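# Observations on chain architecture
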Amino acid sequence: KVLSLNLRYDNPADGAHCWSRRRTAVGEYLRDLGADLVALQEVLPQQRRDLDSLLPGYRSYGVCRDLKGMDEQCCWYVRDPWWFAEATTFWLSTEPQKVSRGWDAMLPRTCSLARIQGDQGRSFWVANVHLDHAGAEARRQGFDLVARRLVQQDMPALLVGDFNEPDLWSGGGVLADWTDCQSQQGLAHQGTYHGFQGGVEGPRIDAILASPHWKLSHFQLDLRPELSDHYPLWAELEANRA
């Protein structure tokens, strides 16, 4: 079971929706859901510390995009029987190994890439991204950079996150044979961003994408507007043995 959620960064200007008023509910929701893998975007360092305390049964990985421990990170949380066999962060730019902005991006954007391994030797790759909100070319190029990195591994893989553009992933390309879990479940008409307003009329800019190695058994968009300005989405997948 894998979950993705743009957590909404800790912004005091959010008033009733600020992090200090949401964190307990977020922790309870994540613990109750019990996902094996949790991917979070827009996580600031204090939120990461809070989450580490709220989710004691999980191991976490994430690197601030400024490499100074001050800015947001894309975080992975995993629990037994899974662990991080490898984990790395790269920037979505033409210089991915250092802090950098790519193409027309307004901000540095990163990918948290990890190889997850289980106690029976099972292994697969996961990538967590938050693409740029302003630069269309940066979104396209950043997505392509991550997608090609995953395909080159030639192993089961998942690509999740906030893509900041509706259906960015549906244009074919190297992931043409991957499964868009929400669309596969017949829920493509439901928006994932709601701006703390609720409803499903907003854009569908978040997704869980699975390589052909997986069979989707369930997908759900949890309509819980009190948790963030995006809805959490989660999927249950099993190895495709066909």
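As the structure is a computational prediction, the values presented were derived from the model and not from experiment.

### Things to note about the packing of aromatic side chains
Applying the stated criterion to the full structure yields 5 aromatic pairs. Ring centres 5.2 Å apart and planes at 90° place the aromatic pair Phe124 and Trp214 in the edge-to-face group. Of the two residues, Phe124 is situated in strand 7 (residues 123-130) and Trp214 in strand 11 (residues 214-221); the sequence distance between them amounts to 90 residues. Its relative accessible area of 5% is what places Phe124 among the buried residues. Each member of the aromatic cluster is reached from another via a ring pair, and the members are Trp82, Phe124 and Trp214. Between Lys1 and the ring centre of Trp234, over which it is positioned, the NZ or CZ distance is 4.6 Å. The residue whose ring lies beneath Arg149 is Phe90, and the NZ or CZ to ring-centre distance is 4.0 Å.

### Examining empty space enclosed by the protein
Once rolled over the atoms, a probe with the size of a water molecule shows which space is left empty. Scanning the model with the defined rule gives 1 cavity of 30 Å³ or more in all. Volume-wise, the largest cavity comes out at about 30 Å³. Lining the largest cavity, in full, are Arg65, Glu72, Cys74, Arg109, Thr110 and His130. Here the lining of the largest cavity is built from residues that sort into 1 nonpolar, 2 polar and 3 charged.

### As for the sheet that holds strand 6 (residues 110-117)
If you trace the 6 strands from one edge of the open sheet to the other, you get 5-6-7-8-10-9, paired in mixed fashion. Across the chains shown, the open sheet's two edge strands, defined by having one partner strand only, are strand 5 (83-91) and strand 9 (179-180). In this structure, strand 5 lies alongside strand 6, joined through 8 bridges in antiparallel fashion. By the bridge assignment, Ala87 is partnered in strand 6 with Ala114.

What counts, and at which threshold
- Residues numbered from 1 in each chain as written.
- Predicted model: local features only at pLDDT ≥ 70, side-chain atom pairs only at ≥ 80, totals over all residues.
- Heavy atoms only, no water.
- Phe/Tyr/Trp six-rings, centres within 6.5 Å; stacked < 30°, edge-to-face > 60°.
- Helix = DSSP H or I, 4+ residues; strand = E, 2+ residues; numbered from the N terminus.
- Buried < 20%, exposed > 50% of the residue type's maximum accessible area, 1.4 Å probe, protein only.
- Lys NZ or Arg CZ within 6 Å of the ring centre and 35° of its normal.
- 1 Å grid on protein atoms, 1.4 Å probe; cavity = no way out; pocket = protein on both sides within 12 Å on 5 of 7 lines; lining within 4 Å.
- Points joined across faces, edges and corners; volume = space filled by probe spheres on them.
- Nonpolar A, V, L, I, M, F, W, Y, C, P; charged D, E, K, R; others polar.
- Pairing = 2+ DSSP bridges.

Bear in mind that shape data such as this cannot, by itself, settle questions of function.
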